[in-house]
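Notes for the structure review
Chain by chain, the residues run as shown.
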Amino acid sequence: MYIIREKDEIQKINNFFLSMNYLIEYYLFNVSINSGIPISTLVSLKKDDVLINNEIKKSITISGKTFLISHETRKILILSQNVSSGDYCFMNESNTNKYSRTQFYKKLKDAEKNIGINGNLTNKTCEYTFAYHYLIQTGDIEYLSKIFNKSKTQLIHEIFYTTNDLEDFKIL
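For the structure given in this document, a descriptive report is provided here. (Residues numbered from 1 in each chain as written. Predicted model: local features only at pLDDT ≥ 70, side-chain atom pairs only at ≥ 80, totals over all residues. Heavy atoms only, no water.)

What to know about unusual backbone geometry
Heads up, the condition is: Counting from the N terminus, the helices are DSSP H or I runs at least four residues long and the strands are E runs at least two residues long. Type-normalised accessible area, obtained with a 1.4 Å probe on protein chains alone, sets the label of each residue: buried when under 20%, exposed when over 50%, and partly exposed for intermediate values.
Even without glycine at this site, serine 63 takes up a positive phi of about 50°. Mapped onto the elements of the fold, serine 63 is located in the loop between strand S3 (59-62) and strand S4 (65-68). With a phi close to 55°, asparagine 149 is a non-glycine residue in the positive phi region. With respect to the helices, strands and loops of the structure, asparagine 149 is situated in the loop between helix H8 (141-148) and helix H9 (152-159). Overall, the relative accessible area of 62% leaves asparagine 149 in the exposed class.

Some remarks on the nonpolar core
Spelled out, the test is: Remark: nonpolar core denotes a set of buried residues (Ala, Val, Leu, Ile, Met, Phe, Trp, Tyr, Cys) joined through side-chain atoms within 4.5 Å. We call two residues in contact when some of their heavy atoms are within 4.5 Å.
Core analysis: the largest hydrophobic core is formed by 51 residues, its most contacted members being Phe17, Leu28, Phe29, Phe104, Leu144 and Ile159. Apart from residues no more than four positions distant in its own chain, leucine 28 is found in contact with Ile39, Leu42, Val43, Phe90, Tyr99 and Phe104.

Observations regarding the pattern of salt bridges
Condition: Each salt bridge in this description consists of a side-chain nitrogen of Lys or Arg and a carboxyl oxygen of Asp or Glu lying within 4 Å of one another.
Per the counting criterion, the structure on display carries five salt bridges. A salt bridge links lysine 107 to glutamate 25; the nearest nitrogen and oxygen atoms lie 3.3 Å apart. Taken together, the residues lysine 107 in helix H6 (residues 101-115) and glutamate 25 in helix H2 (residues 23-35) connect sequence positions 82 residues apart. Of the residues examined, lysine 107 reaches a relative accessible area of 18% and is grouped as buried. The buried category is assigned to glutamate 25, whose relative accessible area is 2%. Lysine 150 is the salt-bridge partner of glutamate 158, the closest N and O atoms lying 2.8 Å from each other. Taking the relative accessible area as the measure of exposure, lysine 150 reaches 24% and is therefore partly exposed.

Describing the environment of tyrosine 105
Its location among the elements puts tyrosine 105 in helix H6. Dropping the residues within four chain positions of it, tyrosine 105 is found in contact with Leu121, Thr122 and Asn123.

Some remarks on the pairing of S4
Side-chain positions along a regular strand alternate between the two faces of the sheet. Which entries qualify depends on this criterion: DSSP calls a pair of strands paired once it identifies at least 2 bridges connecting them.
By the bridge criterion, four bridges tie S3 to S4 in an arrangement that is antiparallel. Residue pairing for S4: isoleucine 62 is matched across the bridge by lysine 65. Between S3 and S4, which pair antiparallel and follow one another directly, the connecting turn spans two residues, one of which, serine 63, has a positive phi of 50°.

Examining the layout of surface pockets
Regions of empty space are outlined by a rolling probe, equal in size to a water molecule, passed over the atoms. Our working rule: The pocket and cavity definitions rest on a 1 Å grid over protein atoms only: a 1.4 Å probe that fits but cannot leave marks a cavity, an open set with protein on both sides within 12 Å along at least five of seven lines marks a pocket, and residues lining either have an atom within 4 Å of a point. Grid points are joined across faces, edges and corners, and a volume is the space filled by probe spheres set on the points.
Taken as a whole, the largest pocket spans an internal volume of roughly 380 Å³. As for the largest pocket, its lining consists of 17 residues, of which Lys7, Ile33, Asn34, His133 and Gln137 are closest to the centre. Elements with a minimum of two residues in the lining of the largest pocket: helix H1 (7-19), H2, helix H5 (71-77) and helix H7 (123-138). At six residues, the largest contribution of residues to the lining of the largest pocket is made by H7. Its boundaries defined by the atoms lining it, the second largest pocket holds a volume of some 160 Å³. Every residue along the wall of the second largest pocket is listed here: Pro38, Thr41, Ile62, Ser63, Lys65, Phe67, Lys124, Glu127, Tyr128, Ile147, Phe148 and Lys150. Counting only elements with at least two residues in the lining of the second largest pocket, the list comes to S4, H7 and H8.

Some remarks on the packing of H1 against H6
How we decide: The axes are straight lines fitted to the C-alpha atoms, using for helices just the contacting stretch, and the angles between their N-to-C directions are given from 0 to 180°. Roughly parallel means an angle under 35 degrees; roughly antiparallel, over 145; roughly perpendicular, 65 to 115; everything else is oblique. Crossings are assigned a handedness: left-handed for a near helix turned anticlockwise from the far helix by less than a right angle, right-handed for a clockwise turn.
The geometry of H1 relative to H6 is characterised by a closest axis approach of 10 Å and an angle of 110° between their N-to-C directions. As judged from the angle between their axes, H1 and H6 are roughly perpendicular. Where H1 crosses over H6, the handedness of that crossing is right-handed. Two secondary-structure elements touch here, H1 through Lys12, Ile13, Phe16 and Phe17 and H6 through Phe104, Lys107, Leu108, Asp110, Ala111, Asn114 and Ile115.

Let's talk about the packing of aromatic side chains
How we decide: Pairing of aromatic side chains here covers Phe, Tyr and the six-membered ring of Trp, requires ring centres within 6.5 Å, and sorts the geometry by plane angle: under 30 degrees stacked, over 60 edge-to-face, intermediate tilted. Look at NZ for Lys and CZ for Arg. If either is within 6 Å of the ring centre and within 35 degrees of the ring normal, a charge sits over the ring.
Under the defined criterion, the tally for this structure stands at nine aromatic pairs. Each ring, one from tyrosine 26 and one from tyrosine 27, has its centre 5.8 Å from the other, and the planes form 65°; the classification is edge-to-face. The partly exposed category is assigned to tyrosine 26, whose relative accessible area is 22%. Every member of this aromatic cluster is reached through a ring pair, and the members are Phe16, Phe17, Tyr22, Phe29 and Phe104. Just above the ring of tyrosine 132 sits the side chain of arginine 5; from NZ or CZ to the centre is 4.9 Å.

Right, dumping it as structure tokens:
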């Protein structure tokens, strides 16, 4: 699994999605890397899951896991207000059904190929990219352990699988 550690790579993916007019992919990518919500979960979100009193919730509980939703992520989720109550937040291009994680994966691989990332981007890349940056910024392994449903040790090993990464992480 490839974790996007460099912010310029995130920007390249964003630029690619925007240049190709892949707006749904741009939204999904950014919501996932800024919240840790898996792509497979995001594509299943309905308007009622994210809105309360016509405002985006500050946290979303899905299958017993509570994901914090940052101000930036809430701005991206505003697009869900354009759908009817009960509809999926992320619809396919014909607006007839929910967008699929397979569709996202294909466009992510397209980005990987076109911008020259030497890794293996998968849907999990987004979650673990969030975990990496969140842990570096906050040091809050407890929160990550809860949303990933993994032990702290296992999670740290998965996020920081090189010695250099571990040395850079001062909390350990």
